[in-house]
Amino acid sequence: VAKAAGGSSVNMTNAQTDTLRVKLSDVLAVGQPDILSGTSQVTITGDSGDMVQLSSEGGAWSLAGTHTDGAETYMVYVNQNAQLLVNDKIHTIIV
């Protein structure tokens, strides 16, 4: 996980098929908290063959919309004080 001024990010772009399982506690532990809202945010980028599994352990994830950053579109998932932006190329499931 890389931390930058704009938040924390995970880059799964590597021309391989990768699977990442994410729990609420993961995002809260590594996410960059917003000063005003306190929401921790993590952005995940990757390839079309990649998969993100959102674990409902710790609370339920819900799709809150989309976010566009340049040419990239991200699906926005929220869970309590966590926000996860997943590149729309990545197959995302809630388990």
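Residues numbered from 1 in each chain as written. Predicted model: local features only at pLDDT ≥ 70, side-chain atom pairs only at ≥ 80, totals over all residues. Heavy atoms only, no water.

## A short note on the overall build of the protein chain
Basically, it comes down to this: Runs of H or I in DSSP of at least four residues are treated as helices and runs of E of at least two as strands, each being numbered from the N terminus. Only C-alpha atoms enter the radius of gyration, while the globule expectation follows 2.2 Å times N to the 0.38, with N the number of residues. Under the scheme applied here, a residue whose accessible area is under 20% of the maximum for its type counts as buried, over 50% as exposed, and between as partly exposed, the area being computed with a 1.4 Å probe on protein chains only. Residue contacts follow a heavy-atom distance rule, with two residues in contact if any of their heavy atoms lie within 4.5 Å. Every accessible area reported is derived by Shrake-Rupley at a probe size of 1.4 Å, with residue values counting cover from the shown protein chains alone. Asp and Glu count as negative and Lys and Arg as positive, but His and the ends of the chain are not part of the count. To locate a charge, take atom NZ for lysine, CZ for arginine, CG for aspartate or CD for glutamate.
Check the secondary structure of the protein chain and you find one helix and 10 strands. When the helices and strands of the protein chain are read in sequence order from the N terminus, they spell out β-β-β-α-β-β-β-β-β-β-β. Over its C-alpha atoms the protein chain spans a radius of gyration of 12 Å, differing by no more than 12% from the 12 Å that the globule rule assigns to 95 residues. Expressed as lengths along the three principal axes of its C-alpha atoms, the size of the protein chain is roughly 35 × 30 × 25 Å. Within the span of the protein chain, comprising 95 residues, buried residues form 33% of the whole. Within the protein chain, contacts between residues separated by at least 24 positions form 59% of all contacts whose residues are at least 6 apart in sequence. In the structure as shown, the protein chain presents an accessible area of about 5300 Å², 51% of it carried by carbon and sulfur atoms. Across the protein chain, 4 positive and 9 negative side-chain charges occur, with their mean positions spaced 7 Å apart.

## So, the nonpolar core
Note the following rule: By nonpolar core is meant a set of buried Ala, Val, Leu, Ile, Met, Phe, Trp, Tyr and Cys residues that side-chain atoms within 4.5 Å join together.
Residues I44, V52 and L84 are the most contacted members of the largest nonpolar core, which totals 15 residues. Elements with a minimum of two residues in this core: α1 (24–30), β5 (40–45), β6 (51–54) and β9 (82–87). The greatest single-element share of this core, amounting to three residues, is contributed by β9.

## A look at the pairing of strand β7 (residues 62–69)
The criterion, for reference: Pairing between strands is defined by DSSP: at least two bridges between the two strands are required.
With seven bridges joining them, β7 and strand β8 (residues 72–79) adopt antiparallel strand pairing. Among the inter-strand pairings, G65 is bridged to a residue of β8, identified as V76. Where β7 folds back onto β8 in an antiparallel hairpin, the turn is made up of two residues, including G70, whose phi is positive at roughly 65 degrees.

## Some words on unusual backbone geometry
Despite not being glycine, A15 has its phi angle at roughly 60 degrees, a positive value. Positionally, A15 belongs in the loop between β2 (7–11) and β3 (19–22). Phi angles above zero are rare outside glycine, and Q80 is one such case at about 50 degrees.

## Structural notes on the sheet that holds β6
Where we set the bar: An axis is simply a line fitted to the C-alpha atoms; with a helix, the fit covers only the stretch in contact. Between two such axes, the angle follows the N-to-C directions and lies from 0 to 180 degrees.
Reading across from one edge, β3-β6-β10 is the order of the three strands in this open sheet, with parallel pairing throughout. Strand pairing shows two members of the sheet lacking a second neighbour, β3 and β10 (91–94), which therefore form its edges. On average, adjacent strands in this sheet sit at an angle of 15 degrees to one another, irrespective of strand direction. Two strands pair when backbone bridges link them, and β6 and β10 are joined in this way by four bridges, in the parallel orientation. Within the sheet, the bridge partner assigned to V52 lies in β10 and is T92.

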